[in-house]
Amino acid sequence: MCKELRSFFILSILMVITGGLFTSCDQRSAEGMIIMTQVDQDQETKDFNSTDFSRVLSAAQIMMMDPANPERQPILLSKDFYSAFSPAISFNAKKMVFAGQKNQHDTWQIYEMDLASLRYKSLTNSNENCTDPAYLPGDKIIYSQVVYGSNGEKGQALFVRTLGGNEEEQITFNPGSYAGTSMLHDGRIISMNRSLSSEQNKLNLMVMRPDGTKEMLFYKSQEKGQLISKGMETDDGEIYLLEKNEEGLGKLFSISYNNPLKSRKDISEKVGGDFIGISPMVNGRLLVCYRKSKEEPYGLYELDPRNMKFVRSVFKDPQFKTIAAVVVEQHKVPKKIPSEVNMKEQTAL
């Protein structure tokens with residue numbers, strides 16, 4: 001009897017331990033990992049992150065790597081997709097949204113992936129291409145979708161969708177295209193915009209509320225340059241951008257939140273080279289996709305923008321271009337701005 005009780009007791013302990021192991025594995029956290037977008041080394045990326053939809057990358061893949069163990073093989077997150085790019089991390093660092101194309105000629109849709117289980121689900125089911133997603137406060141996302149004007153003119157408008165539901169609202173209606181959207185700490189969004197005005201080839205940054213109201217110019221492209229990245233704000237109120245110069249090289253510069261139109265600083269003069277991707281880190285540094293010359297492949301580096309020094313090389317694969325990357329980190333949730341827009345009304349001021 002004692003032996004049976006002792007055996008039952010040991011078996012119970014083993015079941016608890018085993019169950020705990022399975023639970024911890026199923027709930028493993030991806031915090032600290034780096035999510036990267038890669039394309040084949042030979043693919044041209046000169047139009048990457050512009051609002052020209054021809055920029056959409058062919059056979060792009062989303063990878064996840066552990067920067068603490070760079071010798072480990074990165075995990076392919078987009079194995080079920082012909083092409084996927086533009087990953088954005090949720091504020092609690094548990095999920096990501098991205099644009100994906102299941103098969104080569106399929107319409108691009110927006111998907112969300114749980115970074116613990118690596119399971120994903122479709123968020124859109126549109127007849128038109130949807131790209132450039134980002135999280136908003138209140139369990140919502142914003143993304144760009146191809147639209148057509150009354151005269152047949154093709155553009156991209158911003159749409160907001162509630163997670164876990166089918167509620168979708170178009171929030172921009174101006175002729176032109178919006179892409180590369182991110183959030184400011186004050187609850188507003190900034191988005192790259194190409195209008196149908198006299199400067200059709202110029203990209204500017206527009207700022208607006210998440211319902212599309214109170215839109216205004218935030219930053220105007222330089223005469224001899226072209227924006228190639230969305231604005232990325234840090235905790236100290238600096239907003240980092242990439243601009244391609246006349247030589248076709250991506251240059252890193254910053255603008256101030258308090259005076260964005262008149263505070264432009266070229267902060268990449270000291271290091272030169274060619275930047276194609278940037279992402280702020282919680283520690284105040286930048287994760288950048290960079291190469292010293294056009295003859296080299298893009299690699300992933302950690303950069304200290306205060307003194308423009310590369311802290312370390314994070315990742316490099318000679319077979320692929322690493323063109324975008326973001327660290328899986330928790331971020332402060334921006335302010336949630338209440339909306340007075342009544343979508344049931346047909347007219348508005």
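Structure: above.
Notes on the structure follow. (Residues numbered from 1 in each chain as written. Predicted model: local features only at pLDDT ≥ 70, side-chain atom pairs only at ≥ 80, totals over all residues. Heavy atoms only, no water.)

### Some remarks on the overall build of the protein
Selection rule: To qualify as a helix, a DSSP run of H or I must reach at least 4 residues; to qualify as a strand, a run of E must reach at least 2; elements of each kind are numbered from the N terminus. Here the term buried applies to any residue with accessible area under 20% of the maximum for its type, exposed to any over 50%, and partly exposed to those in between, with areas from a 1.4 Å probe on protein chains only. Any two residues whose heavy atoms approach within 4.5 Å at even a single point are treated as in contact. Computed by Shrake-Rupley with a 1.4 Å probe, the accessible areas treat only the displayed protein chains as cover when residues are assessed.
Secondary structure summary: the protein contains 1 helix and 25 strands in total. Each of the 349 residues in the protein was classed as buried or not, and the buried ones make up 51%. Long-range pairs, those at least 24 residues apart, make up 44% of the contacts in the protein with a sequence separation of at least 6. Per element, the accessible surface of the protein, about 18,500 Å² overall, is 50% carbon and sulfur.

### Structural notes on the nonpolar core
What counts is decided by this rule: Nonpolar cores are built from buried Ala, Val, Leu, Ile, Met, Phe, Trp, Tyr and Cys residues. Side-chain atoms within 4.5 Å join them into one set.
Membership of the largest hydrophobic core comes to 41 residues, with the highest contact counts inside it found for Ile34, Met36, Ile142, Ile189, Leu287 and Leu300. The contact partners of Leu300, leaving out residues within four places of it in the chain, are Ile34, Met36, Leu287, Val288, Cys289, Ser313, Val314, Phe315, Thr322 and Ala325. Among the nonpolar cores identified, the runner-up in size contains 16 residues, and Ile35, Met64, Phe81 and Tyr111 belong to it.

### Quick look at the pattern of salt bridges
Selection rule: Here a salt bridge means any side-chain nitrogen of Lys or Arg lying within 4 Å of a carboxyl oxygen belonging to Asp or Glu.
Taken as a whole and assessed by the stated rule, the structure comprises 9 salt bridges. Linking Lys121 and Glu112 is a salt bridge whose minimum nitrogen-to-oxygen distance equals 4.0 Å. For Glu302, the salt bridge is made with Arg312, and the minimal N-O distance between the two is 3.1 Å. Here Glu302, found in strand β23 (residues 299-304), pairs with Arg312, found in strand β24 (residues 309-315); they are 10 residues apart in sequence, far enough to count as distant.

### With respect to the side chain of Gln61
Along the chain, Gln61 turns up in strand β2 (residues 61-65). Under the relative-accessibility criterion, Gln61 is labelled buried at 17%. Those residues in contact with Gln61, other than ones at most four positions away along the chain, are Met36, Thr37, Gln38, Leu76, Ser78, Ala84 and Phe320.

### Section: the sheet that holds strand β4 (residues 83-89)
Across a sheet, paired strands are connected by hydrogen bonds in the backbone, their directions being either parallel or antiparallel. We count it as follows: DSSP calls a pair of strands paired once it identifies at least 2 bridges connecting them. Axis lines are fitted through C-alpha atoms, for helices just across the contact stretch, and the angle between N-to-C directions can take any value from 0 to 180 degrees.
As summarised here, the arrangement of the 4 strands in space is β4-β5-β6-β7, forming an open sheet in which the pairing is antiparallel. The outermost strands of the open sheet, each flanked by one partner alone, are β4 and β7 (120-122). Looking at each pair of strands side by side, their axes are set apart by 30° on average, direction ignored. Summarising the sheet, β4 and strand β5 (residues 95-101) pair through 5 bridges and their orientation is antiparallel. What sits directly across from Ile89, in β5, is Met96.

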